[in-house]
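Observations on chain architecture
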Amino acid sequence: MPDIDDDDIRRLDGGLLLVFRELCRRGRTTAVAAHLGLSQSAVSHALARLRDIFGDPLFLRRPHGLEPTGRAVALAPKVEALIELMSASLRPAPGFDPAGSSRWFPIVATEYAPEALATGLAGRLRAAAPRAGFYLQFTRAYLALDALRRGQVDLALGRFDSLPSGFVGEPLFEDSYCVAARAGHPAICGEIDYATWRRAGHVFVGTFSASDNVIGPAIGEDAIPHPDEVAGVAIVPRWETALAAVAASDAITTAPRSLAAPLAARLGLQLLPLPGEGGSSWTVSIARREGPDAGLDWLCGELRAAAAA
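Here, residues in each chain are numbered from 1, in the same order as that chain's written sequence. Reporting of local features is limited, given that this is a predicted model, to residues whose pLDDT is at least 70; pairs of side-chain atoms are given and counted only at 80 or more, and all residues count toward the totals for whole chains, interfaces and linings. Just so you know, side-chain values use all the structure's heavy atoms and leave hydrogens and water out.

Thoughts on the confidence of the model for the protein chain
- The quantity called pLDDT is the predictor's confidence in a given residue, expressed from 0 to 100. In the predicted model, the protein chain carries a mean pLDDT of 84, and the fraction of residues at 70 or more is 86%.
- Helix numbering and strand numbering both begin at the N terminus, where a helix is a DSSP run of H or I of at least 4 residues and a strand a DSSP run of E of at least 2. By mean pLDDT, the top-scoring element of the protein chain is strand E12 (residues 269-273) (94), and the lowest-scoring one is strand E9 (residues 214-217) (46).
- Contact definition: two residues touch when any of their heavy atoms are within 4.5 Å. Between residues 211-223, whose pLDDT stays under 50, and residues either more than four places distant or in other chains, the model counts 28 contacts.

See below:
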């Protein structure tokens, strides 16, 4: 039996595969011609081409019709798989029906992405996709991208200086730092200078390794002052904890404005411009893997709407 080479592959088109499949199913050229809308001579010609390409009779004439040879029997499931693959490739990408979907979207976010965004997104999903939902976990930026690369999550939210190959991103909203202090603070009212900011007791947000005595800020190397550079009071893992501690004391914290603003009135905080050069803005972005996904397209639209609200 001759090997199949590139020339044979070029000669083997989808129409021949359909004729082969229907001959396996129906066993008569007349039945195949009627089913495929071809003439009987066209089916006979296709069978001759198939025999030439595969170097085998493929179908033997018997009183009851055409009987597949052993080679044809072995080829049948492979041809069926090829036809299904071709059909799937030609079908348009499926759309996404929020009202009928029960999909849950795993999302990771760095501390740049405010938790208030999750509240707005939950409300929008409840209204438009009552059976769908999302999982949200907070992590560092490089771990968020690693989870995205591994396919463990659908989206990553945060401040990303650059995205590796195979990822795409889009801006979500702009953010900047502010100083949060309690209303009625004895030394701070409406504004704060650099000297006061530096000597006030800071509540930091970050991670602390007891074994290595290492501080890891939640936002980045240039985002918040190191406890060795300014007066510090505490290091806590979340912004809500830092803001609550500030509201109940004379300590201050330097926080993303989008995180602090929704809580300021309830906690009784005043939010002040950050003194010096550290108040520049940055962009919170959505990162995802490349490739079509109607569900993620829809979710990104809901995230944009939640951020704009």
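Regarding the side chain of aspartate 154
- In this fold, aspartate 154 is placed in the loop between helix H7 (141-149) and strand E5 (155-158).
- Think of it in three bands: residues with accessible area under 20% of the maximum for their type are buried, residues over 50% are exposed, and the middle band is partly exposed, with areas taken using a 1.4 Å probe on protein chains only. On the basis of relative accessible area, aspartate 154 is assigned to the buried category, the value being 12%.
- Among the polar contacts made by the side chain of aspartate 154, one reaches the side chain of arginine 103 at a distance of 3.5 Å.
- The residues contacting aspartate 154, other than those within four sequence positions of it, are Arg103, Trp104, Phe105, Pro106, Leu148, Ala287, Arg288, Arg289 and Leu296. Within 3.5 Å is the distance limit for a polar contact, defined as a pair of N or O atoms, with the added protein rule that one can donate a hydrogen and the other accept it, and that residues adjacent in sequence qualify only through two side-chain atoms.

Describing the packing of helix H3 (residues 29-36) against helix H4 (residues 40-54)
- Axis separation between H3 and H4 bottoms out at 8 Å; the angle between their running directions is 110°. With respect to their mutual orientation, H3 and H4 come out roughly perpendicular. Where H3 approaches H4, its residues Thr29, Thr30, Val32 and Ala33 are matched on the opposing element by Gln40, Val43 and Ser44.
- Gly falls in the polar group here, along with every residue not listed as nonpolar (Ala, Val, Leu, Ile, Met, Phe, Trp, Tyr, Cys, Pro) or charged (Asp, Glu, Lys, Arg). Its residues assigned to classes, the contact of H3 with H4 shows three nonpolar, four polar and no charged. Note on geometry: axes are C-alpha line fits, over the in-contact stretch for helices, and angles between N-to-C directions span 0 to 180 degrees. Comment on the angle field: the value is read as roughly parallel under 35 degrees, roughly antiparallel over 145, roughly perpendicular from 65 to 115, and oblique elsewhere.

What about the sheet that holds strand E7 (residues 177-182)?
- We treat two strands as partners when DSSP finds at least two bridges between them. Across the sheet, three strands lie side by side as E11-E7-E12; this open sheet has antiparallel pairing. The sheet terminates laterally at strand E11 (253-256) and E12, the two strands that pair on one side only. Here the average twist between neighbouring strands, direction ignored, is 40°.
- Relative to E11, E7 is paired through four bridges, and the arrangement is antiparallel.

Things to note about the pattern of salt bridges
- Salt bridges are counted wherever a side-chain nitrogen of Lys or Arg sits within 4 Å of a carboxyl oxygen of Asp or Glu. Following the criterion strictly, the structure yields 16 salt bridges and no others.
- Ionic pairing is found between arginine 25 and glutamate 22, a salt bridge with its closest N-O pair at 3.4 Å. Of this pair, arginine 25 and glutamate 22 both sit in helix H2 (residues 14-26), separated by three residues, roughly a single helical turn.
- Here glutamate 302 ties to arginine 124 by a salt bridge, and the two come within 2.8 Å at their closest N and O atoms.

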